[in-house]
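Per-entry structural report
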Amino acid sequence: MKNLLFLLVGLMIFANGHYIYAKTETKAERVDGYFTTEDILFSIFEPKLNKIVHDQYGKEMIVNPIKVEDVAIMQKQTGKDSYNGWYEVKLSILVGEPDGETFTDTVVLEIDAPNIGGTAPRLKSEKVNGLEIKLVKYYKGS
């Protein structure tokens, strides 16, 4: 009987020992390099930009933003004393196939969010909801 008891206790300890995991917390590390505000913008635009280029060429392409050419705030009167505002951003992008030609294209995007320009209310929350990115113009380069 004692042997059976020791065997059961030993099996319980052995079985439980495999289910214990120590949680290790990793620390964030700073990445060395030179980054600009354009890098932040490109990170926000990237998914939409990839879709726009795919729609323009009808296939998957490699897209590398080169630079922001121009930024303008646009306003449109929507009522007697109300306006809608948005940004228009003109970008130069390098577009190409993995083993093919590359092109320098220009894209004009409309960036709309609830707090941009016009009589839009300022954000009352730290969350940015309702950000929209739309294609205004696309110029294929050579």
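Quick summary incoming for the structure in this document.

Calculation rules
- Residues numbered from 1 in each chain as written.
- Predicted model: local features only at pLDDT ≥ 70, side-chain atom pairs only at ≥ 80, totals over all residues.
- Heavy atoms only, no water.
- Pairing = 2+ DSSP bridges.
- Helix = DSSP H or I, 4+ residues; strand = E, 2+ residues; numbered from the N terminus.
- Expected span 1.5 Å × (residues − 1).
- Bend = angle between axes of the 7 residues up to and from the residue.
- Buried < 20%, exposed > 50% of the residue type's maximum accessible area, 1.4 Å probe, protein only.
- Contact = heavy atoms within 4.5 Å.
- Polar contact = N/O pair within 3.5 Å; in protein donor to acceptor, adjacent residues only side chain to side chain.

The subject of this paragraph is the pairing of strand S1 (residues 62–77). Pairing geometry for S1 and strand S2 (residues 83–96), over 14 bridges, is antiparallel. Directly across from Gln 75, in S2, lies its bridge partner Gly 85. Counting the residues that bridge the hairpin from S1 to S2 gives five residues.

Counted at 1.5 Å a residue, the expected span for helix H2 (residues 37–57) with its 21 residues is 30 Å, and the 28 Å between its end C-alpha atoms agrees. When the local axis directions of H2 are compared, the greatest deviation, roughly 55°, occurs at Glu 46, which is followed within four positions by the proline Pro 47. Along H2, the positions that sit buried rather than exposed are Phe 42, Phe 45, Leu 49, Ile 52, Val 53 and Tyr 57. Looking at the buried positions of H2, the neighbouring elements they touch are S1, S2, strand S3 (102–112) and strand S4 (132–139). Structurally, the start of H2 carries an N-cap: the backbone nitrogen of Glu 38 is 3.2 Å from a side-chain oxygen of Thr 36. Among the residues trailing H2, Gly 58 stands out with phi positive, at a value near 75°.

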